[in-house]
Structures are given as C-alpha cells and as structure tokens.
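Observations on the three-dimensional arrangement
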Amino acid sequence: MRLATLTSGGDCPGLNAVIRGIVRTASAEFGSTVVGYEDGWVGLMEDRRVDLYDDENIDRILLRGGTILGTGRLHPDKFKAGLDQIKANLADAKIDALIPIGGEGTLKGAKWLSDNGIPVVGVPKTIDNDVYGTDYTFGFDTAVAVATDAVDRLHTTAESHNRILIVEVMGRHVGWIALHAGLAGGAHYTVIPEVPFDIAEICKAMERRFQMGEKYGIIVVAEGAAPKEGTMELRSGGVDQFGHELFTGIGQQVADEIHARLGHDVRTTVLGHIQRGGTPTAFDRVLATRYGVRATRAVHEGKFGTCVALDGERIINIPLDVAVGHLKTVPLDRYTTAQAMFG
C-alpha cells in the first residue's frame, strides 16, 4: 500500500513521534510507503508532498517538538470546495489511504472525507485533551508538565513579594490543563471554562490566606474561563475568520478585579504557546508512537472511517462519529476534588 499522512491545526509535542510510528510500521511490517503532505489540508489541496523514508532521519525526529511536515488551518468552506482537487491529488500520488493527525476540527474534516469515499484513519491530537472517546491525547502531558513547572517556580517569587500571582494556561473550552497543573503545582485556586467563577469567592479565598499568615496566592486560570453572570464584566473579543472566539486576557482581568477589591499586589503570567513547544515528555512519545503504529495497522486492516484512541491501557479504534460528536469536558466531580485544595 501507499499511505499519506498530514498534521493539521495547532502544533503540539508528539506529532513527530506519530509520523515516525507510521513510517516505520508501514515499512517494517507491511512493506508500504508513506507520503507526507506539508502544512495540513492546504498542502493536500495544493499537492505539496514529500516522500518519508524509514531511515536514520526518521528516527531522529522522535525527540523533536512541532512537526516536520508543518501545519496550518483551512476554512471549512474552502476545504469542502476542494474535494475534487483532493481526490485528484491523492489519485495522482497513488495513495491508498490517508492518516490525518489533528484535533477536533481535523477529525471533523477526516470524517467528511471518509463520508465522501476517501479511505481515512484519524489520529487525535490536542494539548487540551478534549477529543471525546480517548482517555488522553498526546501533547497534553507535556503541556501540563510545562504549566506545572511554571506554577512551581512562581510559588517562591509570589511568597517573597507577598503577591498574588495568576497563571493563565491554554484551554479554550475545557480546563484539563488548568485542572492538572493546578493540582500538581499546589495552586490555591483553579478556574476552568466548565464552571463559571464568582470573583467574590476567589477574593474571599485569597483574603483568607493573608489573614492566616500565608501572604501570597497562586491562581491558575484557563484562557476560556468566564465569570458567573452578573458577578464581573468580561471584555468581548469577537470571533476570528474560523468562527473561534477571540479571548481578551481573562488572567489580567481577574488580576485587575482582585487588586481593585483587595488592594493586594497582583501579577499575571500568560504561558501561551510555551505549553506547545519543545521536547515531548516520555509519556507523550510513547502514546504518540502507539497511535502511529495502531493507525498504520488499522489502515492495512481496512478499518476506515475510524480514529485511534486510548482506552485504559489499550489502543483501540473508534468511529470518527464518536470522536467528533462533542468535546470531552472536565467532569464536575474532578473539579470538586481540586476545590478541596482551594484557599
């Protein structure tokens, strides 16, 4: 067989490990060849492809963050309008099956291609850990490790200066990174998109710390967090060309509100893309490799229209319908565990 793969959406640690897993498994187990399309769906539509070989170079990418194929985003309307071109390009390259690697948007595109007759097996990727049907996505563990290290380091400077420090982490619609980093880093309050916050409760928790002699506080805030209606005004940033909400810096807005109410020195650290970059953790390298191997085997088994997923200790295939049905959000009981550590 001749396979194709691409990486789409935001980059994250572990993408190269998936590519390596696909190339090595295809070659060693099946004698198949692999083509990589550059810059995601755009590269597929523009027929920008490179041959990927099972050699010493493919081994070296295991340690690298980002993606050797590049990535990008494409408006859904342009993507769907390019179906005939996509089919023509795949036919010209003699591709038997496509393995797209990406998050919810990429997997929705994969499902649409599958519905339109293209043999597809998807690989879930997102540092947010929000793809439904899989216990974990690669990149998440690395992002949590980076965020936790930042929280660890901020404890000492916050305590030295008697400050409240707010750490804003990624998480547009789900708070998995904030939840795990907050718990692991010993944050005194964690705010996630799934549970609207009351700024008065946050202030109460911080003031209680100062009254008890702990004259500093660490608050972890997911970028997509929002206040309970009527408790605090939040600036609107509108939406981008893809319909995604543009955030306006929830961390700084919370900091300003706490300072106005309590008078304490409050500073904000926004981790941003630092969470995406760099070398993947051992956990993410292993998970990503296992995903690449399972996706390649699934292609040769004819399990098209599916996505690989982690189920406990097993890597399985689930229907793409399941993976893109809805986001995997933080359950309330997981958040209440974190609440026991607040204050």
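Preceding this section is the structure that the text describes.
An account of the accompanying structure is given in this report. (Residues numbered from 1 in each chain as written. Predicted model: local features only at pLDDT ≥ 70, side-chain atom pairs only at ≥ 80, totals over all residues. Heavy atoms only, no water.)

1. A word on the sheet that holds strand β6 (residues 164-169)
To be explicit about the condition: Whether two strands pair depends on DSSP finding at least two bridges between them. Helix and strand assignments follow DSSP, with helices taken as H or I runs no shorter than four residues and strands as E runs no shorter than two, numbered in order from the N terminus. For helices, the fitted axis covers only the stretch in contact; all axes are lines through C-alpha atoms, and the angles between them, taken along N-to-C directions, range from 0 to 180 degrees.
One open sheet accounts for four strands, arranged β7-β8-β6-β9; its pairing is parallel. Looking at strand neighbours, the two that pair on one side only are β7 (189-191) and β9 (266-270), the edges of this open sheet. Here the strands of the sheet are splayed against their neighbours by 20° on average, with no regard to which way each runs. Where β6 lies against β9, five bridges are found, and the strand directions are parallel. Directly across from isoleucine 166, in β9, lies its bridge partner threonine 268.

2. So, the side chain of arginine 20
This is how the line gets drawn: In this analysis, two residues are considered to be in contact whenever any of their non-hydrogen atoms come within 4.5 Å of each other.
Mapped onto the secondary structure, arginine 20 falls in helix α1 (residues 15-30). Those residues in contact with arginine 20 that lie beyond four places of it in its chain are Ile58, Asp59, Ile61, Leu62 and Thr289.

3. Concerning the pattern of salt bridges
Worth spelling out the cut-off: For salt bridges, the criterion is a side-chain nitrogen of Lys or Arg within 4 Å of an Asp or Glu carboxyl oxygen. Residue burial is assigned from relative accessible area. The probe radius is 1.4 Å, only protein chains are included, and a residue is buried under 20% of its type maximum, exposed over 50%, and partly exposed in between.
This model, assessed by the stated rule, comprises 23 salt bridges. The salt bridge partner of aspartate 39 is arginine 48, with a shortest N-O separation of 2.9 Å. For arginine 48, a relative accessible area of 26% gives the class partly exposed. A salt bridge links aspartate 265 to arginine 267, with the nearest nitrogen and oxygen atoms 3.1 Å apart. Taking relative accessible area as the criterion, arginine 267 reaches 39% and is therefore assigned partly exposed. Connected through shared salt-bridge partners, Arg20, Arg24, Asp54 and Asp59 make up one network.

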